[in-house]
Amino acid sequence: MQNESLDLESLDLGVLGMLELGFMQKLECFAFQKTEQSIKIALRDSVQKELLAFHLDKKFANLRVEFYQIQDFDFFYQRALLQAEFWLLCENLKAKLALLQTNTYKNPNTQEGLEDSKEVKRLLDFILQEAIDSQSSDIHIELHTQNALVRKRIDGILQKSFVLEKNLFAVLSSRLKLQCNIDMTENRKALDGRFSQTFQDKEFDFRFSSVPTISGESLVIRILPKDIEVLELENLGFDTERLQIITSTLYKGSGVVILVGPTGCGKSTTLHAMLKSSQSSHKKILTIEDPIEYQVDSLTQILLNEQYDFGFNQALRSALRQDPDVMMIGEIRDLATLELAFQSALTGHLVLTTLHANNCLGALDRILGLGGKVDILASSLSLIIAQRLVRRLCKHCSIKASEGFYKEYKNGLYMGLIEQLQLDQKNLWRSVGCKHCQGYGFKGRIMINELLLNNESLSTFLRDQKKDLQDIKMFPMDVDAKNLLESGQSSIDEVHRVWW
């Protein structure tokens, strides 16, 4: 019997779960590769080889059955069991669909009534539960020419999960729209909705988005746990000096603090940690956000409703009449929101908000580009924080980069990053992959950040732009990135992907 090492990313998901679930459980085996001539089977115990050969020769009469023992068998075996269970749920749904089409409907393409059946509920619940168990933030279900691909986003990276047949995609799409109480028959325009559901005694909100594509539809589900705990500001990854600057800024009681960075970089988490740090029985804290990712009893969280003409700008104007001490505005989207936020700071409010920009200086350009006035910006702005989330190397399998890897890094894509951070080979680590990190080499994420503090130099620079940028009080991301790499917490390719 041969040995082989598997890579989950390159495995065919359909092959991984093609044996019957009960058969796989009884004999502890799974298929992992299939060609026109052969099929490869992994098994835990070579004693079962003869029994397996007897059964599989009947099932795959025209194929040569080859047996293997593989590393990390338990990890791949559990993944194969998931695929087999998914396949079984799909088969049950296909049987229900065939029954409805045969007995009730003349049109073979209709799924009317099936979206509310127990079979499609079980399939959707299985997809949602598996994503929750994997600590995914989003589920992507994308229809292609032949089938649909189900992927989940873990630590900011999309990973393949399941393959869904085209006719079952339509049923699943209808089911999701039904749960969101939106038009199930509409697939020619963008749709948004939300629904709530309980899994294992925990409540979750799910935010649903559908857009039409050349192949049909693309569906995305954002997973928002209701009981998620707000982290302490001290636990987010700011070093001592930067944490002290942020804390002292929050204690001032007025001004604008802006967080910038791409989608999914943890801005909402940092905002809520700041709100938690600002909480006091003597303060009214009010938030305007869409969606509300953290539900906190001690905050006044305004719920937007576009159907009743109560959007972001209307909510912000109403919020000022609520006599708040601290306001959190989910995002500055336009000039009207920008002006209201900075006017609020001028009248004695502390305003926390986000803005889409790559870095701190880019945030200044974005504000001015929206039409912000230099005088108001110079007098109201307190602090800009730019952040990224970098995947953390798996502590079970990461290793130091060899001299060969370092030379490849230095002479290739990462040359500029190595030169800027002045990195040498002895301080670089790289990912490998094991069962603890599902073969990806990373598990969890950690923040790198930069700060731009508004002081007299920045105000002078904004007003007349005669001041040198070197005089601006800035704490660059380079320092954070270098510390992360030299301490072995992440790899140079990951820092390059996220930041460079």
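Report follows, based on the coordinates. (Residues numbered from 1 in each chain as written. Predicted model: local features only at pLDDT ≥ 70, side-chain atom pairs only at ≥ 80, totals over all residues. Heavy atoms only, no water.)

**Section: the overall build of the protein chain**
Across its full length, the protein chain holds 17 helices and 20 strands. Expressed along its principal axes, the backbone C-alpha trace of the protein chain runs to roughly 80 × 65 × 40 Å. Taken over 500 residues, the protein chain has a buried fraction of 49%. A fraction of 65% describes how many contacts in the protein chain between residues 6 or more apart in sequence connect residues 24 or more apart. Of note, the protein chain has its 58 positive side-chain charges centred 2 Å away from the centre of its 66 negative side-chain charges. (Helix = DSSP H or I, 4+ residues; strand = E, 2+ residues; numbered from the N terminus. Buried < 20%, exposed > 50% of the residue type's maximum accessible area, 1.4 Å probe, protein only. Contact = heavy atoms within 4.5 Å. Lys, Arg positive; Asp, Glu negative; His and termini not counted. Charge placed at Lys NZ, Arg CZ, Asp CG, Glu CD.)

**Things to note about helix α9 (residues 312-320)**
For α9, the set of buried residues is Phe312, Asn313, Ala315, Leu316 and Ala319. In an axial view of α9, the angular spread of the buried residues amounts to 160°, which keeps them on one side of the axis. Buried positions along α9 lie against β12 (285-288), β13 (300-302), β14 (326-329) and α10 (335-346). (Arc of directions from axis to C-beta.)

**A look at the sheet that holds strand β8 (residues 191-199)**
Pairing is antiparallel across the open sheet formed by six strands, whose spatial order is β7-β6-β5-β10-β9-β8. The sheet is open, and its two borders are formed by β7 (157-165) and β8, each paired with just one other strand. Each strand of the sheet is rotated relative to its neighbour by a mean of 20°, with strand direction disregarded. Lying on the sheet, helix α5 (residues 118-133) is in contact with β5 (138-143), β6 (147-154), β7, β8, β9 (202-212) and β10 (217-225); it crosses β8 at an angle near 80°. Contacting β5, β6, β7, β8, β9 and β10, helix α6 (residues 166-179) runs over the sheet at an angle of about 110° to β7. (Pairing = 2+ DSSP bridges. Axes fitted to C-alpha atoms, helices over the stretch in contact; angles between N-to-C directions.)

**Quick word on the packing of α9 against α10**
Two elements in contact, α9 and α10, have axes separated by 10 Å at closest approach and are oriented at 15°. With respect to their mutual orientation, α9 and α10 come out roughly parallel. Here the hand of the crossing between α9 and α10 comes out left-handed. Residue-level inspection shows Phe312, Asn313, Leu316, Arg317 and Leu320 of α9 in contact with α10, the latter providing Ala336, Thr337, Leu340, Ala341 and Ser344. (Parallel < 35°, antiparallel > 145°, perpendicular 65-115°, else oblique. Left-handed = near helix turned anticlockwise from the far one by under 90°.)

**Regarding the environment of Thr337**
Along the chain, Thr337 turns up in helix α10. Along the primary structure Thr337 and Gln146 are separated by 191 residues, whereas in three dimensions their C-alpha atoms are 45 Å apart. Among the polar contacts listed, one links the side chain of Thr337 to the side chain of Asn313, at a separation of 2.8 Å. (Polar contact = N/O pair within 3.5 Å; in protein donor to acceptor, adjacent residues only side chain to side chain.)

**A closer look at the side chain of Thr337**
Judged by its relative accessible area of 0%, Thr337 is buried. Discounting residues that sit within four places of it in the chain, Thr337 has contacts with Phe312, Asn313, Leu316, Ile329, Glu331 and Ile332.

**Considerations on the sheet that holds strand β3 (residues 38-43)**
With mixed pairing, the four strands of this open sheet are ordered in space as β1-β4-β3-β2. With partners counted over all chains shown, the strands left at the sheet margins are β1 (2-4) and β2 (29-34), one partner each. Put simply, the sheet's adjacent strands are angled 40° from each other on average, direction ignored. Relative to strand β4 (residues 64-70), β1 is paired through three bridges, and the arrangement is parallel. Pairing of Asn3 across the sheet is with Gln69, part of β4. Against the sheet, helix α3 (residues 49-59) engages β2, β3 and β4, with an angle of about 145° to β4.

**Things to note about the side chain of Glu115**
If you trace the backbone, Glu115 turns up in the loop between α4 (73-103) and α5. Despite being buried, Glu115 has no salt bridge partner; Arg175 is the closest side chain of opposite charge, sitting 7.7 Å away. Sequence-distant contacts of Glu115, defined by excluding residues within four places in its chain, comprise Val120, Val171, Ser174, Arg175, Leu178 and Met184. (Salt bridge = Lys/Arg side-chain N within 4 Å of Asp/Glu carboxyl O.)

**Some details on the pattern of salt bridges**
By the definition in use, this model includes 24 salt bridges. If you follow the salt bridges from partner to partner, you end up with Glu28, Arg44 and Asp74 in one network.

**Quick word on the environment of Glu494**
As for its placement among the helices and strands, Glu494 is situated in helix α17 (residues 492-498). C-alpha separation for the pair Glu494 and Ser431, spaced 63 residues apart in sequence, amounts to 9.5 Å. Those residues in contact with Glu494 that sit more than four places away from it in its chain are Val390, Arg391 and Phe442.

**A closer look at the nonpolar core**
Counting residues in hydrophobic clusters, the biggest one holds 57 residues, and the most contacted among them are Ile258, Ile288 and Ile384. Ignoring anything within four residues of it in the chain, the contact list for Ile384 reads Ile258, Val260, Cys360, Ala363, Leu364, Glu450, Leu451 and Leu452. (Core = buried A, V, L, I, M, F, W, Y, C linked by side-chain atoms within 4.5 Å.)

**What to know about the packing of α5 against α6**
Relative orientation of the contacting elements α5 and α6 amounts to 85°, with a least axis distance of 10 Å. Between α5 and α6, the interaxial angle falls into the category roughly perpendicular. Along the contact surface, α5 presents Val120, Lys121, Leu123, Leu124 and Ile127, while α6 presents Val171, Leu172, Arg175, Leu176 and Gln179. Taken together, the residues of the contact of α5 with α6 break down into seven nonpolar, one polar and two charged. (Nonpolar A, V, L, I, M, F, W, Y, C, P; charged D, E, K, R; others polar.)

**Structural notes on the packing of aromatic side chains**
The full count for this structure, using the stated rule, is 15 aromatic pairs. Summarising the aromatic geometry, the rings of Phe30 and Phe32 are spaced 6.5 Å apart at their centres and angled 65° between planes, so their arrangement reads as edge-to-face. Accessibility assignment for this pair places Phe30 and Phe32 in one class, buried. Considering the side-chain rings of Phe30 and Phe73, the 5.6 Å spacing of their centres and the 35° angle between planes classify their relative orientation as tilted. Separated by 43 residues along the polypeptide, Phe30 in strand β2 and Phe73 in helix α4 bring together distant segments of the chain. (Phe/Tyr/Trp six-rings, centres within 6.5 Å; stacked < 30°, edge-to-face > 60°.)

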